[in-house]
Amino acid sequence: MGNVNYSDKIPNNVNLSSDRKLQRALESWQPNFLDWWMDMGPLGFQQDQIYLRTAISVETDGWAHFDYVKMPDYRWGIFLTPPKNSRTVAFGDDYGKPVWDKVPGNVRKELRRIIVTQGDTEPASVEQQKLLGKTAPSLYDLRNLFQVNVEEGRHLWAMVYVLHSFFGRDGREEAEDMLVRRSGDDDSPRILDTFNKPIDDWLAFFCFTMFTDRDGKYQLAALAESSFDPLARSTQFMLTEEAHHLFVGETGIRRVLERTCQLMQETPNEDVRSVGGIPIDLVQRYVNEWYSTSLDLFGAEDSSNAASYFAQGLKGRFRESSKRYDDHVALKGTYRLRKPVNGKLEEEDVPLRRAMNMVLRQAYIEDCERGVLKWNAILKKHSIKSAIKLPAEQFGRSQGLYANMPFDPSGQLLTQEAYDARKDEFLPSTEDLEYVQSLMQPVYEPGKFANWIAPPTRGINGHPIEYRYVKFDEHVRH
Ligand code: BYC
Ligand code: FE
Ligand code: FE
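Residue indices begin from 1 for each chain and proceed along its sequence in written order. Throughout, the order in which chains and ligands are written sets their labels, letters from A for the former and numbers from 1 for the latter. In keeping with the model being predicted, local features are shown solely for residues with a pLDDT of at least 70 and side-chain atom pairs are shown and tallied solely at 80 or more, while totals for entire chains, interfaces and linings include all residues.

### So, the overall build of the protein
Note the following rule: Helical segments are the DSSP runs of H or I of at least four residues, strand segments are the runs of E of at least two, and each set is numbered from the N terminus. What the globule rule says is 2.2 Å times the number of residues to the power 0.38, and the radius of gyration is computed from C-alpha atoms. In this scheme the burial state of a residue depends on its C-beta neighbours within 10 Å: 20 or more other such atoms mean buried, 12 or fewer mean exposed, and anything in between means partly exposed; the C-beta positions come from the backbone. What counts as a contact here is a pair of residues whose C-beta atoms, placed from the backbone, lie within 7 Å.
Within the protein one finds 11 helices and five strands. A compact globule built from 478 residues would reach a C-alpha radius of gyration of about 23 Å, and the protein, at 23 Å, matches this within 12%. The C-alpha extent of the protein, read off along each of the three principal axes, is 65 × 65 × 45 Å. By residue count, 45% of the 478 residues in the protein fall in the buried class. Considering only contacts within the protein whose residues lie at least 6 apart along the sequence, 69% involve residues at least 24 apart.

### Considering the packing of helix H6 (residues 229-266) against helix H9 (residues 356-381)
Keep this limit in mind: In this description, a line fitted to the C-alpha atoms serves as the axis of each element, helices being fitted only across the stretch in contact, and the angle between N-to-C directions of two axes falls anywhere from 0 to 180 degrees. Should an angle lie under 35 degrees it is considered roughly parallel, over 145 roughly antiparallel, and from 65 to 115 roughly perpendicular; all remaining angles are considered oblique. Left-handed describes a crossing whose near helix is turned anticlockwise from the far helix by less than a right angle; the clockwise case is right-handed. Residues are grouped as follows: Ala, Val, Leu, Ile, Met, Phe, Trp, Tyr, Cys and Pro are nonpolar; Asp, Glu, Lys and Arg are charged; every other residue, Gly included, is polar.
Interaxial distance between H6 and H9 falls to 9 Å at its minimum, and their mutual angle equals 15 degrees. For the element pair H6 / H9, the angle class is roughly parallel. Crossing of H6 against H9: the hand is right-handed. Contacts from Glu250, Ile253, Arg254, Leu257, Glu258 and Cys261 in H6 reach Gly371, Lys374, Trp375, Ile378 and Leu379 in H9. Here the contact of H6 with H9 is built from residues that sort into six nonpolar, one polar and four charged.

### Topic: the site of ligand 1
Worth spelling out the cut-off: Nearness is defined per residue: the C-beta atom, placed using the backbone, must lie within 6 Å of the molecule or strand.
Taken together, 25 residues surround ligand 1, and among them Ser125, Gly216, Gly299, Ala300 and Asn305 come closest. In terms of residues, the shell around ligand 1 owes the most to one element, helix H2 (residues 108-128), which gives six residues. Across the shell around ligand 1, the residue classes tally to six nonpolar, 12 polar and seven charged.

### Some words on helix H7 (residues 280-296)
Rules: A helix is expected to span 1.5 Å multiplied by its residue count minus one.
For H7, built from 17 residues, the straight-helix expectation of 24 Å at 1.5 Å per residue is met to within 8% by its first-to-last C-alpha distance of 25 Å. Burial analysis of H7 places 15 of its 17 residues in the buried class, which makes it a mostly covered element.

### Some thoughts on unusual backbone geometry
A positive phi angle, near 55 degrees, is found at Asn15, a position not held by glycine. Among the structural elements, Asn15 can be located in the segment before helix H1 (20-40). The phi dihedral of Glu270 is positive, around 55 degrees, even though this residue is not glycine. The residue Glu270 is located in the loop between H6 and H7 in this model.

### As for the environment of Lys9
Looking at the secondary structure, you find Lys9 in the segment before H1. Along the chain, Lys9 and Arg75 lie 66 residues apart, while their C-alpha atoms are 9.1 Å from each other.

### Points about the pairing of strand E3 (residues 334-341)
Note the following rule: Pairing between two strands requires that DSSP report at least two bridges joining them.
By the bridge criterion, eight bridges tie E3 to strand E4 (residues 344-351) in an arrangement that is antiparallel. Considered in E4, the bridge of Arg338 is made with Glu347. Between the end of E3 and the start of E4, which pair antiparallel, lie two residues, with Asn342 showing a positive phi angle near 45 degrees.

### Observations concerning the environment of Val160
Examined against the element boundaries, Val160 turns out to sit in helix H3 (residues 139-166). Spatially, the C-alpha atom of Val160 lies 26 Å from that of Asp67, the residues being 93 residues apart in sequence.

### Notes on the sheet that holds strand E5 (residues 470-471)
Pairing within the open sheet is antiparallel, and its three strands lie in the order E2-E1-E5. In the strand order of this sheet, the two ends are held by strand E2 (64-70) and E5, each with one partner. Pairing of strand E1 (residues 49-55) with E2 involves seven bridges; the strand directions are antiparallel. Counted as the bridge partner of Thr54 is His65 from E2. Against the sheet, H3 engages E1 and E5, with an angle of about 40 degrees to E1.

Laid out in structure tokens, this is it:
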């Protein structure tokens, strides 16, 4: 049951060959996906051998197989976590009833929208990261980038399978559109704002995988609770791949800080810029930017959409079916929000269901804080007084209650003039971006690392750090 069938054109554990119509639909989408990958995937590395992991089973442990593959030969496919016997609706109005194997007509539109929104982010992130291989700080990091990229490609497959399988013609049209929209395009952008922002350097990449992929973890976990069982099982398996993306981000920033500390100690006046390091305050500004845009991805604080998704059993809370919550109907409680009224924040209680975006976001914030604590432990170890801090929820927002208001990172509302005057203290300035860009010189020699980042503590899959994680095709110059 747990093994993936690799003899089919599309690797899968859903017995695809027994459903000829679905198989044909997916096989006709596949070449378009590959065209998209060659066009919008990592630029310049499609002929090289990358040491990648591929899913060979869907059991929680032992699903990963490591080997050298060229990215276009990666076995993208359809892998669902095996069904649980007699699973029941875990929350909302239909709590306790059997889960659904098909899409109920009354929630079809909402479900399709959630699946399309989720699916759209996956190719978007690959597009955003397209050029990063050109400036990788090591072969180890280059390989991690490509691992993340191929898995985001597979996450798109996961959502396209659900659309093709359960939504008929309009599902197939939505699947086509996933390959048409482009990150940052004026006419046909990706759906959510964060996925239209450029990721031009590795500091931004590490912040993105730390904060934005982590939104992915929480959104996927919320969908893994869904009463629509094929969606729940698809997203559950996506979560097993997601852990590595978060690891890349969290340890990436940790290694940057580690290196910065070393350079500070070696340099008079702790002037790390003069020796090509990334100053802590600059890291803080990147954190401010990527954390706040990732908070936007949880949607509005007070959301009638979120209330109906919960009521209808479409999208639950983090670990809804564990012991975390006693009340899975959530018709009783309230949630306290701080709404801006005439320049002040006034507390207001909203019905709990309307605040489900916040409940999910709260779990996310705690997870981010745990990661930041680990970063700060590095600074402390080097006796450095400053620390990285997550900005207040009001800062830098484009969605929700605080959208486009001039809050500073501590949560103080400034005048627009004061904010504009101090913006370069809060967010990466043009000069910051140019400086970081100037550090982005590729290092492709096994075991060597760019000056601005420390090596990791260990390599991939038990291999040493100096392992040749990418073998370049001799005909291609990098
Ligand atoms: N940008 O009632 P609200 C990942 C819109 S990341 C633009 O709160 P809702 C990954 C909203 O559409 C996880 N527009 O909305 C990470 C609505 O529009 P309408 C992705 C936004 O629906 C890294 C209006 O504002 N997964 O997997 O409750 C690499 C009112 O808002 C935004 C999902 O997002 C925004 N940020 O909440 C690769 C899960 N936020 O109806 C992958 C599926 C809100 O007024 N999506 N709006 O026109 C959802 O569950 C929900 O759509 C959202 C938004 C939580 C995103
Ligand atoms: Fe993903
Ligand atoms: Fe991811």
